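Observations on the three-dimensional arrangement
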Amino acid sequence: MTLAEAFQRACEDAVVESQRLGYTPTAWMSMMHGPGGAVAAARRLLTSGDVQTGFERLVRIGRRDLTVEAAVLDERWADLFDEPHRAAARWRLSQVDGTGQP
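To start, this report covers the structure provided alongside it.

About the thresholds
- Residues numbered from 1 in each chain as written.
- Predicted model: local features only at pLDDT ≥ 70, side-chain atom pairs only at ≥ 80, totals over all residues.
- Heavy atoms only, no water.
- Phe/Tyr/Trp six-rings, centres within 6.5 Å; stacked < 30°, edge-to-face > 60°.
- Helix = DSSP H or I, 4+ residues; strand = E, 2+ residues; numbered from the N terminus.
- Buried < 20%, exposed > 50% of the residue type's maximum accessible area, 1.4 Å probe, protein only.

1. Overview of the packing of aromatic side chains
How two aromatic rings sit relative to each other is given by the distance of their centres and the angle of their planes. Taken as a whole and assessed by the stated rule, the structure comprises two aromatic pairs. For the ring pair F7 and W77, a centre distance of 5.4 Å and an interplane angle of 75° mean the geometry is edge-to-face. Pair noted here: F7 is in helix α1 (residues 3-20) and W77 is in the loop between α5 (68-73) and α6 (83-97), with a separation of 70 residues, a long-range link. Here the two residues F7 and W77 agree in accessibility, since each one is buried. Ring centres 5.2 Å apart and planes at 65° place the aromatic pair F7 and F81 in the edge-to-face group. Of this pair, F7 sits in helix α1 while F81 sits in the loop between α5 and α6, placing them 74 residues apart in sequence. Judged by relative accessible area, which is 0%, F7 ranks as buried. Classification of F81 by relative accessible area gives buried; the value is 3%. Within the aromatic cluster, the residues linked to one another by ring pairs are F7, W77 and F81.

Geometry only, nothing functional implied.
Printed below as a string of structure tokens:
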């Protein structure tokens, strides 16, 4: 299994957990099954400049660990994302907790 395939699987697992909590991230599910899979979708989200409602919802219910932003900052996926993507993820997370720390 490639690193990108493992990231895809981790994202799919996060979707299942989100659904278990009563939230279905339909836009993310569509994106991560599109061209380039979850890696390309995460890169697009982070460079879009828009903070997604799903991100805000997951943070609000105390599950920021299920966000794309948290996944991008996970060291397991360091080779999939460059520093601008990680910086965008850190910035988004800092906006919800004021610390700037993942």
